[in-house]
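The lines below spell out each chain.
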Amino acid sequence: MDKVLLIAPVECDGSLGKASLEALTAARDLAGQLGAPLCVGLVGADVQAAADSVAGCGAAEFYGVAGAEYAQPRYATDAAAFAALCKASGATVAVGAATSRVSRALPGVAARLGGVCDTGVTALSVQDGKPVATRWYYRQRMYAEIARPARPWFVALSTGCFAPCEAAPGKAQVAAAAPELPAGVRSKVTGMICPSAEEQTIRPDAALLFVAGAGWTKKQADGQAHLTEAEQLILGFLGKAQASLGTSKSLVDLSGEGQQVMSFLTHMHQVGQTGATPRHAKGLATCCHGEEPHTVGWRFIGERRAVNLDASCGWAQGKADVLYVADAFEVMRKVLELMP
Ligand SMILES: Cc1cc2nc3c(=O)[nH]c(=O)nc-3n(C[C@H](O)[C@H](O)[C@H](O)COP(=O)(O)OP(=O)(O)OC[C@H]3O[C@@H](n4cnc5c(N)ncnc54)[C@H](O)[C@@H]3O)c2cc1C
């Protein structure tokens, strides 16, 4: 019989992050459908508070790797810790959130333990009594259902696909797992450089994705481009709405060719076939044509709206729920005026 393990690093404040709570929902539901035991494996400076916070999640066992050296993400310590959790629990299916920390170490752990690993998994189910993982291919154009006989099977779950687990807190009995650290861990974390919350415009947890297309940089009805005003309108809206910023390939490419474009846009903002596929409840595209290679990145956006001067742009061809045929400068000026 399978045994399901959640693998979760603990946040700096001792809590479990949203992504890990989502993975806990997935692990708990999978264990429930399989009729298999669930265990929780935690890694961090101190894991007791995190274990207590989800004591009522239905896990039969809790395992922990705790210590100052496990507080920071680092391949050597994380891989050793995850492997120890898997060995101590005897789990056959190990689930973790596809954060950068977990995604980096999980495939290596699978190799060490002679198992297999799947990444980018968006759903888990049970067919004929066996676990099945769903993941998308070819930029979300098709999906596959994967069943694997090999064990242990490690699964990195994409974030935003499951509701965070709301388990009753309590007192959890955490069994310590003993990692085998390689002699002399070489990487040292000496500090973190983070942009301030205001500078950071990619906000995966935001309710709204705001996409700025190349039209913002184009000549307008008066024959002039209005880049400064475009920047002010976009940043003003992002600041007030706390929306996440996305852009199109055209705008990113313009900056790559040394043309004057918005200073705050990077290739990281690009949404689409060769960009990101963010998950937000709503999306608003402005001055963006809505061509297929761009809109394919909107696959997981719940409600899509666009503002474009062109009534026959891509968004009008079934890509958006609502298309406002209007001047985005005028619309956003008015929106900003109306926003508190
Ligand atoms: C292999 C391949 C991969 C690609 N991958 C991606 C990808 O990952 N992401 C991506 O975005 N693209 C991708 N593309 C490019 C894509 O096909 C489009 O060229 C690109 O998305 C166009 O960007 P845009 O809509 O911002 O610019 P444009 O096509 O220049 O459109 C600008 C729009 O702004 C509108 N506009 C102008 N002024 C205003 C105004 N005042 N008010 C309202 N609207 C206004 C215009 O009507 C126009 O529709 C890819 C292409 C290929 C071939």
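Residues numbered from 1 in each chain as written. Predicted model: local features only at pLDDT ≥ 70, side-chain atom pairs only at ≥ 80, totals over all residues.

What follows covers the domain arrangement of the chain. Here the domain parsing of the chain yields domain 1 (4-176) and domain 2 (208-338). Relative placement of domain 1 and domain 2: their C-alpha centres are 36 Å apart. Its residues assigned to classes, the side of domain 1 that touches domain 2 comprises no nonpolar, two polar and two charged. (Domains from an automatic or database assignment. Nonpolar A, V, L, I, M, F, W, Y, C, P; charged D, E, K, R; others polar.)

Our focus in this paragraph is the packing of helix α5 (residues 227-241) against helix α8 (residues 328-338). The geometry of α5 relative to α8 is characterised by a closest axis approach of 10 Å and an angle of 40° between their N-to-C directions. For the element pair α5 / α8, the angle class is oblique. Judged by the sense of rotation from one axis to the other, the crossing of α5 with α8 is left-handed. Across from Glu229, Leu233, Gly236, Phe237 and Lys240 in α5, the residues of α8 making contact are Phe329, Met332, Arg333, Val335 and Leu336. (Axes fitted to C-alpha atoms, helices over the stretch in contact; angles between N-to-C directions. Helix = DSSP H or I, 4+ residues; strand = E, 2+ residues; numbered from the N terminus. Parallel < 35°, antiparallel > 145°, perpendicular 65-115°, else oblique. Left-handed = near helix turned anticlockwise from the far one by under 90°. Contact = placed C-beta atoms within 7 Å.)

What follows covers the sheet that holds strand β4 (residues 93-97). Overall, mixed pairing links the nine strands, which are arranged β7-β6-β5-β8-β4-β1-β2-β3-β9 in an open sheet. Each end of this open sheet is capped by a strand with a single partner; those strands are β7 (142-146) and β9 (174-176). Direction aside, neighbouring strands of the sheet carry axes that sit 35° apart on average. Note: strand β5 (residues 116-127) against strand β8 (residues 153-157), four bridges, orientation parallel. (Pairing = 2+ DSSP bridges.)

Our next topic: the site of the ligand. Taken together, 30 residues lie near the ligand, and Gly213, Gly215, Ser248, Lys249 and Gly272 sit nearest. Of all the secondary-structure elements, those providing two or more residues to the shell around the ligand are α6 (249-256), α7 (292-295), β13 (303-308) and α8. In terms of residue count, the dominant contributor to the shell around the ligand is α6 (three residues). Broken down by class, the residue content of the shell around the ligand amounts to 11 nonpolar, 14 polar and five charged. (Near = placed C-beta within 6 Å.)

On to the UniProt feature "domain: Electron transfer flavoprotein alpha/beta-subunit N-terminal" (unreviewed entry) in the chain, then. Annotation from UniProt places "domain: Electron transfer flavoprotein alpha/beta-subunit N-terminal" (unreviewed entry) at residues 4-189. Secondary structure within residues 4-189 divides into 27% helix and 31% strand; the distance between the first and last C-alpha atoms comes to 32 Å. (UniProt positions renumbered as here; feature names shortened; annotations may be inferred.)

So, about helix α4 (residues 100-112). With 13 residues, α4 should cover 18 Å at 1.5 Å per step; its first-to-last C-alpha distance of 19 Å lies within 8% of that length. Its maximal kink placed at Leu106, α4 deviates by approximately 30°, while the proline Pro107 follows within four residues. Along α4, the residues classified as buried are Arg101, Val102, Ala105, Leu106, Val109 and Ala110. Positive phi appears at Gly114, one or two residues downstream of α4, with a value of about 70°. (Expected span 1.5 Å × (residues − 1). Bend = angle between axes of the 7 residues up to and from the residue. Buried ≥ 20, exposed ≤ 12 C-beta atoms within 10 Å, placed from the backbone.)

The amide bond that connects Arg151 to the next residue, Pro152, takes the cis arrangement and shows omega of 0°. Tracing the sequence through the fold places Pro152 in the loop between β7 and β8. Even without being glycine, Gln242 reaches a positive phi, approximately 50°. Counting through the fold element by element, Gln242 comes out in the loop between α5 and β11 (244-247). With phi around 55°, Cys287 is a residue other than glycine that occupies positive phi space.

So, on to the sheet that holds strand β14 (residues 322-325). Pairing in this open sheet of five strands is parallel, and the strands run β11-β10-β12-β13-β14 from one edge to the other. Each edge of the open sheet is held by one strand with a lone partner, namely β11 and β14. Neighbour to neighbour, the strand axes of the sheet diverge by 20° on average, direction disregarded.

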